[in-house]
Amino acid sequence: MSAAAMAITAGACSVQTPSACLDVGCGNGYHCWRMLGADAERVIGIDPSAKFVFQFYAIKRFAGNHLPIDVLPLGIEHMPEKMAAFDTVFSMGILYHRRSPMDHLRELRQLLKPGGQLVLETLVIEGAEDQLLVPQDRYAKMPNVWFIPSPDMLLSWMSKNGLKNPRMVDISTTTIEEQRSTDWMKFESLADFWTPMIRVKLSRVIRRQCEPSLLLRHLIKSVLHLVETLCLSGSLIRESPLGKPH
Ligand SMILES: C[S@@+](CC[C@H](N)C(=O)[O-])C[C@H]1O[C@@H](n2cnc3c(N)ncnc32)[C@H](O)[C@@H]1O
């Protein structure tokens, strides 16, 4: 289950409304609108991609420019240090893209008011507290994927970075029903990005052996085994008096 996503929270038990919410890496601001719809008092999204910021303001123009919601063209690293301004901070689909997940967690904590809550959603692998996947190349065709921890390792990273009372609220496998191409998004999607059997097998090998050269050896062994099997069945066909394999 290496393409599982986990939602995890730290801090207060539930989102207190009215509240100030921050969505880090908000894309075009879709979840920001959902936060406003859930009665947040003020919503800020940040995303360094200018395209998303333009998309957001095109929608806000029609939804109402007076609404207390904005998206700013910033990365998390551009936010003031120790800002302590938000009741709830969201980080969804970001952690595995960060070269330093520890710094990301620390930056997220510093954006929270005392007693605030972090909602974190990210990819996880199955495994114990000491298990971590570090893809050498792309992961499910995604570039820029650095670390995919097990759920328990992620909880321990959070505690280590001063996030109190972290707990897992959901863990589910990403499905091709959820992430799919549509009339609005005709490009490749999850179904094109994985071959479940191969991907799960490879990620298991990587996790167990944690060394690319061993993975390569494992692959070569599998190919040799396949070639051997094919040759053997070929010779059986030739040697069988009936011309059929035994
Ligand atoms: C996988 S998308 C997730 C989008 C959205 N949070 C969601 O869950 O649908 C990752 C987003 O992070 C943004 N991003 C990249 N670098 C960032 C940074 N340094 N700080 C904040 N966001 C960043 C990207 O532009 C992209 O929109």
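Residues numbered from 1 in each chain as written. Predicted model: local features only at pLDDT ≥ 70, side-chain atom pairs only at ≥ 80, totals over all residues.

> Whenever I open this one, the overall build of the protein confuses me. Can you help?
The helix and strand inventory of the protein stands at seven helices and nine strands. When the 246 residues of the protein are sorted by exposure, 28% land in the buried category. By sequence separation, contacts in the protein at least 24 residues apart represent 68% of the contacts at least 6 residues apart. (Helix = DSSP H or I, 4+ residues; strand = E, 2+ residues; numbered from the N terminus. Buried ≥ 20, exposed ≤ 12 C-beta atoms within 10 Å, placed from the backbone. Contact = placed C-beta atoms within 7 Å.)

> What is the right way to read the environment of L36 from this model?
Mapped onto the elements, L36 comes out in helix α1 (residues 30-37). Using a count of 18 C-beta atoms within 10 Å as the deciding quantity, one classes L36 as partly exposed. With 31 residues separating them in the primary sequence, L36 and L67 have C-alpha atoms 8.9 Å apart.

> Can you walk me through the confidence of the model for the protein in this structure?
Residues shown with low pLDDT carry predicted positions that ought not to be read at fine detail. Taken as a whole, the protein shows an average pLDDT of 82; of its residues, 71% reach a score of 70 or greater. Segment residues 197-212 is flagged for pLDDT under 50; beyond a separation of four residues in sequence, or across chains, it makes 17 contacts in the model. Overall, residues 232-246 carries pLDDT values under 50, and its contacts beyond four positions in sequence, including any with other chains, amount to seven contacts. (pLDDT = per-residue confidence, 0-100.)

> Looking at this structure, how should I read helix α2 (residues 50-63)?
Residues that lie three or four places apart on an α-helix share one face, since the helix turns once every 3.6 residues. Helix length check: α2, at 14 residues, gives a terminal C-alpha distance of 20 Å against a target of 20 Å (1.5 Å per residue), a fit within 8%. Where α2 ends, the next residue or the one after it, G64, has phi of about 135°, a positive value. (Expected span 1.5 Å × (residues − 1).)

> Hey, could you run me through the nonpolar core in this one?
Most often, soluble globular proteins have nonpolar side chains that are buried together. Ranked by size, the top nonpolar core spans 38 residues in total, and within it C21, L22, V24, V43, V89, L118 and I148 carry the most contacts. The element that contributes the greatest number of residues to this core is strand β6 (residues 112-124), accounting for six residues. (Core = buried A, V, L, I, M, F, W, Y, C linked by C-beta atoms within 7 Å.)

> Sorry if this is basic, but what is going on with the pairing of strand β4 (residues 69-72) here?
In the case of a regular strand, side chains alternate between the two sheet surfaces. Residues of β4 alternate between two faces, with I69 and V71 buried on one and D70 and L72 left unburied on the opposite face. Looking at chain direction, strand β3 (residues 42-46) and β4 are connected through four bridges and run parallel. Directly across from G45, in β4, lies its bridge partner V71. Between β3 and its parallel partner β4, the chain crosses via α2, and the hand of that crossover is right-handed. (Pairing = 2+ DSSP bridges. Right-handed = clockwise from strand over helix to strand, strands pointing away.)

> Explanation requested: the pairing of strand β2 (residues 20-24) in the structure shown.
For β2, the tally of buried residues reaches four of five residues, placing the bulk of the element in the interior. As paired strands, β2 and β3 are joined by five bridges and run parallel to one another. The residue bridging D23 from the neighbouring strand is G45, located in β3. Of the crossover connections in this fold, the one passing from β2 over α1 to the parallel β3 is right-handed.

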